[in-house]
Amino acid sequence: MIQGSRLRLKGWQQAAVALGSAVGALLDPRRADLIAALGETTGKPAFDRVLERMKKSPEGREILLERPRVISTKVGHAWDLPDNTFGAAYARFMGSRNFSPDDRPPVRFMETEELAYVAMRAREVHDFWHTLFGLPTNLIGETALKVIEFEQMLLPMCLMSVLGGTARFSDKQRSLFYQHYFPWALKAGARSTDLMCVYYEKHFHEDLEDVRRKWGIIPAPAPPRPNATIVVPL
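Residues numbered from 1 in each chain as written. Predicted model: local features only at pLDDT ≥ 70, side-chain atom pairs only at ≥ 80, totals over all residues. Heavy atoms only, no water.

As annotated in an unreviewed UniProt entry, the chain carries the name Ubiquinone biosynthesis protein COQ4 homolog, mitochondrial and is attributed to Anisodus acutangulus. Taken from UniProt, the Pathway (unreviewed entry) comment for the chain reads in full: "Cofactor biosynthesis; ubiquinone biosynthesis." On record in UniProt, under Cofactor (unreviewed entry), the comment for the chain is "Zn(2+)". (UniProt positions renumbered as here; feature names shortened; annotations may be inferred.)

Q: I would appreciate a short explanation of the packing of aromatic side chains in the present structure.
A: Here the distance between the centres and the angle between the planes together describe a pair of aromatic rings. Evaluated as defined, the whole model comprises 16 aromatic pairs. On the basis of an interplanar angle of 70° and a centroid distance of 4.8 Å, the ring pair of Tyr 90 and Phe 128 is categorised as edge-to-face. Taken together, the residues span a long stretch of sequence, with Tyr 90 in helix H6 (residues 86-96) and Phe 128 in helix H8 (residues 126-133) at a distance of 38 residues. Of the two residues, Tyr 90 and Phe 128, both sit in the buried class. (Phe/Tyr/Trp six-rings, centres within 6.5 Å; stacked < 30°, edge-to-face > 60°. Helix = DSSP H or I, 4+ residues; strand = E, 2+ residues; numbered from the N terminus. Buried < 20%, exposed > 50% of the residue type's maximum accessible area, 1.4 Å probe, protein only.)

Q: Explanation requested: unusual backbone geometry in the structure shown.
A: Glycine aside, residues mostly have negative phi angles, and peptide bonds mostly take the trans form. The phi dihedral of Arg 67 is positive, around 50°, even though this residue is not glycine. Inspection of the secondary structure assignment puts Arg 67 in the loop between helix H4 (58-66) and helix H5 (72-75). Residue Arg 67 is classed as partly exposed on the basis of its relative accessible area, which comes to 34%. Phi at Leu 154 is positive, roughly 60°, even though this residue is not glycine. A residue is classified by how much of its surface remains accessible, and Leu 154, at 41% relative accessible area, is partly exposed.

Q: Would you take a moment to explain the environment of Arg 168 for this structure?
A: Considering the arrangement of structural elements, one finds Arg 168 in the loop between helix H10 (156-167) and helix H11 (171-191). Judged by its relative accessible area of 41%, Arg 168 is partly exposed. Sequence separation between Arg 168 and Ile 140 is 28 residues, and the spatial gap between their C-alpha atoms is 10.0 Å.

Put into structure tokens, the structure is as follows:
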């Protein structure tokens, strides 16, 4: 099932996997496999809606027809693009963190191949969104991106990740998040185009700022200086 084996679960099994994944991911947010399982077992209605939106979008239909994968053999050319391009920005994001596009866990709990692809696509474009919104991969950055992902896809896992992430914040981090990043993320997620209907790989060669404007992306504001007034972009 998208480079993995498909498991058909009964209702009680799905609930058990969801509960176990939620508890495990809360205890160790680095467990990408548990977060993936939580997203799949709680997200079928949301992925159904995303699939229908993609079918209504010309670019979304093209994605569903060609089923591009964000893996090193398909996106490696981004490392050779000019510095100002979206592809080069993505390559810098990945390279500076020693990330590999091949590290995403396979989809295992979707009922159809089509839904499995949509779930895999949502998983694989995550780092494109990090690049476009200019968010770091620390706890605050990941939690802010989950707010945007929830607005875009209405996945319960994203909401649970926000609640779990903020529960792990220190008092200072929580204050920074809710005063600075949360209002921005709400606005950024609502203003952006339907980001699941973007064929990102075909825009690698375009200027980063141009694609941000085209897709309605509001980059994350810089953290406020001490005693500075917080302003959310309009």
